[in-house]
Amino acid sequence: MALYITDECINCDVCEPECPNGAISQGDEIYVIDPNLCTECVGHYETSQCVEVCPVDCILKDPEYEETEDQLMEKYRKITGEAA
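Read on for a plain summary of the structure. Quantities reported herein were computed from a predicted structural model and do not represent experimental measurements. (Residues numbered from 1 in each chain as written. Predicted model: local features only at pLDDT ≥ 70, side-chain atom pairs only at ≥ 80, totals over all residues. Heavy atoms only, no water.)

Our next topic: the nonpolar core. It is characteristic of soluble globular proteins that their nonpolar side chains tend to be buried jointly. Grouped together as the largest cluster of nonpolar side chains are 16 residues, with contacts concentrated most on Ile5, Cys15, Ile24, Ile33 and Ile59. When contributions to this core are tallied by element, the ones reaching two or more residues are β1 (3-5) and β3 (31-33). Excluding residues that lie within four positions of it along the chain, Ile33 makes contacts with Leu3, Tyr4, Ile5, Ala23, Ile24, Cys38 and Ile59. (Core = buried A, V, L, I, M, F, W, Y, C linked by side-chain atoms within 4.5 Å. Buried < 20%, exposed > 50% of the residue type's maximum accessible area, 1.4 Å probe, protein only. Helix = DSSP H or I, 4+ residues; strand = E, 2+ residues; numbered from the N terminus. Contact = heavy atoms within 4.5 Å.)

Glancing now at a negative patch on the surface. On the surface, a cluster of negative charge is contributed by Asp7, Glu8, Asp28 and Glu29. Inspection of the secondary structure puts Asp7 in the loop between β1 and β2 (24-26). (Patch = residues over 30% accessible without salt bridge, like charges linked within 9 Å, V, L, I, M, F, W, Y side chains within 5 Å. Areas by Shrake-Rupley, 256 points an atom, 1.4 Å probe, with all protein chains shown as cover. Salt bridge = Lys/Arg side-chain N within 4 Å of Asp/Glu carboxyl O. Lys, Arg positive; Asp, Glu negative; His and termini not counted. Charge placed at Lys NZ, Arg CZ, Asp CG, Glu CD.)

Right, let's talk about helix α2 (residues 69-80) for a bit. For α2, with 12 residues, the first-to-last C-alpha span of 16 Å sits near the 16 Å given by 1.5 Å per residue. Every buried residue of α2 is listed here: Leu72, Lys75 and Tyr76. For α2, the angular spread of buried residues about the axis comes to 105°, placing them on one side. Exposed residues pointing more than 90 degrees away from the buried face of α2 are listed as Asp70 and Lys78. The first or second residue beyond α2 is Gly81, which carries a positive phi of 80°. (Expected span 1.5 Å × (residues − 1). Arc of directions from axis to C-beta.)

A separate point is the environment of Tyr4. When you line up the elements, Tyr4 lands in strand β1. When the C-alpha atoms of Tyr4 and Lys61 are compared, they prove to be 6.2 Å apart, with 57 residues separating the residues in sequence. Residue contacts for Tyr4: discarding those within four places in its chain leaves Ile33, Cys58, Ile59, Leu60, Lys61, Asp62 and Pro63.

The next point concerns the environment of Asp7. With relative accessibility at 66%, the residue Asp7 sits in the exposed group. Sequence separation of Asp7 and Glu66 is 59 residues, and the distance between their C-alpha atoms is 21 Å.

Time to look at the state of the cysteines. Per the counting criterion, the structure on display carries 0 disulfides. Cys50 takes part in no disulfide bond, and the closest cysteine sulfur to it belongs to Cys41, at a distance of 6.1 Å. Cys58 supplies the cysteine sulfur nearest to Cys54, a cysteine that is in no disulfide, at a spacing of 3.7 Å. Cys54 gets classed as buried once you look at its relative accessible area, which sits at 11%. (Disulfide = S-S within 2.5 Å.)

Encoded structure:
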């Protein structure tokens, strides 16, 4: 499942550099997460790094993008070019 940032985002910019896939970017009003690039850090880390550093806990699982751990790992492999 990809993550998303709620409108409680305070634009502090701590999440963007933590994303190993480059899925986080500045939106019109708040930071946004591209669900096509978000693997919840599967393949990179044990936990979602953006969630770990967010001071206002505004990064949640996006129910519109339900994915299994295997699907997230496959997305990671496609993004990084790493073989299975």
